[in-house]
Amino acid sequence: MAEETMNDFKDEIDRSFRKINEGDILEGTVIDVKDTEVVLDLKYYTQGIIRAEDLSDDPKFSIHRDIHVGDEISATVVSKDDGYGNILLSKKEANQIVAWDKLKELMNSEEYVDVKISEAVKSGCVVFLEGIRGFIPASKLDLNYVDESDLDSFVGKTLKVKVITADEENKKLVLSGKEYLKEQADAKRAEMISNVEVGLVTEGVVESLQNYGAFVNLGNGMTGLVHISQICNQRIAHPSSVLKVGQKVKVKVTAIKDGKLSLSMKALEEIAATEITEEKIEFESDGEATTSLGDLLKKAGF
């Protein structure tokens, strides 16, 4: 027991005479809170002093409300002697250094964090993360286009964001909320697609036309492709020859692969043609046909 006490005492002595340089980040325990400064026990041969103006950038900060005896504080060495034999420290500088390190970690890990939008500015919104002022461009606020006149509606909202730029040298912090929203939308879309069955006939709206086919929006975030060969029975050079964006069309789901829907309009034309032919044959029958219209309806469940 005595030997352990001596070892502990030796460690305290070694720490009290360790070399400290300006720019070092030290951790100390608050032993006194005054109107103009905070005094820290650094387990060193002298104490640390943080002046009130070097404690926080927050305009709402209150030295007596926000700092208490016993608090552990990290601060940067500004001067090894404040003129009275104490080490002069800055909590603000340490906050900045630690904050940028944390922001770089968040950028590299691509972790989502919650931020509250504090104000709208030109082309985007301002937030604070780890005490650092950050910017979310309007194009990164939502999946859909956000007009500059709508930016004020985001103030006060909490968003899940990723750090996409953490440039300490230029004090540039850029964030994006689009990735989280896209993941959520993709997950919802995948869940809905998992409930879709091949053979389903539904209605959609032509969303875009490409050389190879037409994308049809089926609603609820689901879009499928009608390949050019599946648009109609005729050979066409481009989907625009028979379709236009915004047009309502009926489609049949012909395949589901890797979360993508393959659709066909041509298949419905063929079904319709078959049904018409069968009905025509039955109506023109002299009664000798082996399959009657009644039999067909019965098989169909009518």
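Cut-offs used in this document
- Residues numbered from 1 in each chain as written.
- Predicted model: local features only at pLDDT ≥ 70, side-chain atom pairs only at ≥ 80, totals over all residues.
- Heavy atoms only, no water.
- Patch = residues over 30% accessible without salt bridge, like charges linked within 9 Å, V, L, I, M, F, W, Y side chains within 5 Å.
- Areas by Shrake-Rupley, 256 points an atom, 1.4 Å probe, with all protein chains shown as cover.
- Salt bridge = Lys/Arg side-chain N within 4 Å of Asp/Glu carboxyl O.
- Helix = DSSP H or I, 4+ residues; strand = E, 2+ residues; numbered from the N terminus.
- Buried < 20%, exposed > 50% of the residue type's maximum accessible area, 1.4 Å probe, protein only.
- Lys, Arg positive; Asp, Glu negative; His and termini not counted.
- Contact = heavy atoms within 4.5 Å.
- Pairing = 2+ DSSP bridges.
- pLDDT = per-residue confidence, 0-100.

Asks: Go over a nonpolar patch on the surface with me, naming the residues and quoting the values.
Replies: Among the surface-exposed residues, Ile25, Ile97 and Val98 lie close enough to one another that they form a single nonpolar patch of about 210 Å² accessible area. By secondary structure assignment, the location of Ile25 is in strand β1 (residues 25–33). Here Ile25 falls in the partly exposed class, since its relative accessible area comes to 37%.

Asks: Now, about unusual backbone geometry: what can you tell me, with residues and values included?
Replies: Backbone geometry at Lys43 places phi at a positive 55°, although glycine is not the residue there. Tracing the sequence through the fold places Lys43 in the loop between β2 (37–41) and β3 (48–51). Classification of Lys43 as partly exposed rests on a relative accessible area of 35%. Phi is positive for Glu110, close to 60°, though the residue is something other than glycine.

Asks: Before we move on, can you summarise the pattern of salt bridges with the specific residues and values?
Replies: In total, this model carries seven salt bridges according to the counting rule given. The residue Glu110 makes a salt bridge to Lys162 at a minimum N-O spacing of 3.9 Å. Taken together, the positions of Glu110 in the loop between α3 (91–109) and β6 (113–121) and Lys162 in strand β9 (residues 158–167) put the pair 52 residues apart, joining distant regions of the chain. A relative accessible area of 49% places Glu110 in the partly exposed class. Between Asp114 and Lys160 there is a salt bridge, and its shortest N-O distance comes to 3.1 Å. Of the two residues, Asp114 sits in strand β6 while Lys160 sits in strand β9, which places them 46 residues apart along the sequence. You can call Asp114 partly exposed: its relative accessible area is 48%. Owing to a relative accessible area of 32%, Lys160 belongs among the partly exposed residues under this scheme.

Asks: I'd like a description of the side chain of Lys91, backed by residues and values.
Replies: Mapped onto the elements, Lys91 comes out in helix α3. Look at Lys91: it is buried, it has no salt bridge, and the nearest opposite charge is Asp71 at 8.7 Å. Excluding anything up to four places from it in sequence, Lys91 contacts Ile50, Asp54, Leu55, Ile73, Ser74 and Ala75.

Asks: So, the environment of Val98: which residues are in play, and what are the values?
Replies: Mapped onto the elements, Val98 comes out in helix α3. Taking the C-alpha atoms as reference points, Val98 and Glu130, separated by 32 residues in sequence, lie 8.7 Å from one another.

Asks: If you had to explain the pairing of β3 to someone new, which residues and values would you point to?
Replies: Relative to β3, β2 runs antiparallel, the two sharing four bridges. Looking at the pairing, Glu37 lines up with Arg51 of β3. Where β2 hands over to β3, the hairpin turn is made up of six residues, of which Lys43 adopts a positive phi near 55°. As judged from the three bridges shared by β3 and strand β5 (residues 87–90), these two strands associate in the parallel manner. Following the sheet pairing, Ile50 is matched in β5 by Leu89.

Asks: Mind laying out the confidence of the model for the protein chain, listing which residues take part and the relevant values?
Replies: The predicted model of the protein chain has a mean per-residue pLDDT of 84, with 84% of residues at 70 or higher. Long-range and interchain partners of residues 276–302, a stretch whose pLDDT sits below 50, account for eleven contacts in this model, where long-range means more than four residues apart.

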